[in-house]
Amino acid sequence: MVATYRVGEIFDDAKGMQREALERLAAGDVRDAAEWAWCAARRATDGLVLARTGWEPENSRETSVGLRELSGRDGGVRGLRLVARYYTRQGHLHGDCFCCGLCEPVDDTERRIRETAAYVADAEGLAGFVG
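Residues numbered from 1 in each chain as written. Predicted model: local features only at pLDDT ≥ 70, side-chain atom pairs only at ≥ 80, totals over all residues. Heavy atoms only, no water.

### Details of the packing of aromatic side chains
Applying the stated criterion across every chain, the model contains two aromatic pairs. Judged by centre distance (5.1 Å) and plane angle (85°), the ring pair of Y86 and Y87 falls under edge-to-face. Exposure remark for Y86: the relative accessible area of 0% places this residue in the buried category. Here a set of aromatic residues connected by ring pairs shows up, and it is made of W38, Y86 and Y87. (Phe/Tyr/Trp six-rings, centres within 6.5 Å; stacked < 30°, edge-to-face > 60°. Buried < 20%, exposed > 50% of the residue type's maximum accessible area, 1.4 Å probe, protein only.)

Here it is in structure tokens:
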């Protein structure tokens, strides 16, 4: 049985990271906000994988594999397009914007940062956890 408290801790982490992303955005630091939003999405995905499989990913490679495996057997994950939304955050927010400084167009990057809250909520809902 999955320890519910651990799943709850992970989703609390994800929500805190998303709040930090919005605070960084409000301060005008799009690049740092993008990284915080990516971290929120990854952490929420960790919570979903743990809740559904009993196994907690240790790194982003394992998180990615876990999400793809869930998507292959779970219509809810597929229906909410979590894989595509996850990889948008990994590729654009983390890779392009944070790592390479390619955050243009800024309005698109800001939208993706803000929309990460919906990703976290969708992952939490699929995990069957409401904290």
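### Observations concerning the side chain of R85
The residue R85 is located in helix α5 (residues 82–100) in this model. One polar contact links the side chain of R85 to the main-chain carbonyl oxygen of L80, over a distance of 2.9 Å. Once residues within four sequence positions are removed from consideration, R85 is found in contact with L80, A118, Y119 and D122. (Helix = DSSP H or I, 4+ residues; strand = E, 2+ residues; numbered from the N terminus. Polar contact = N/O pair within 3.5 Å; in protein donor to acceptor, adjacent residues only side chain to side chain. Contact = heavy atoms within 4.5 Å.)

### Some points on the pattern of salt bridges
On inspection of all chains with the given rule, the structure shows 14 salt bridges. Residue R6 pairs with E9 through a salt bridge whose shortest N-O separation is 2.9 Å. Note that R6 and E9 are positioned in helix α1 (residues 4–26) at a spacing of three residues, about one turn of the helix. Judged by relative accessible area, which is 25%, R6 ranks as partly exposed. Residue classification places E9 among the partly exposed positions, given a relative accessible area of 36%. D108 serves as the salt-bridge partner of R112, at 3.0 Å between the closest nitrogen and oxygen. (Salt bridge = Lys/Arg side-chain N within 4 Å of Asp/Glu carboxyl O.)

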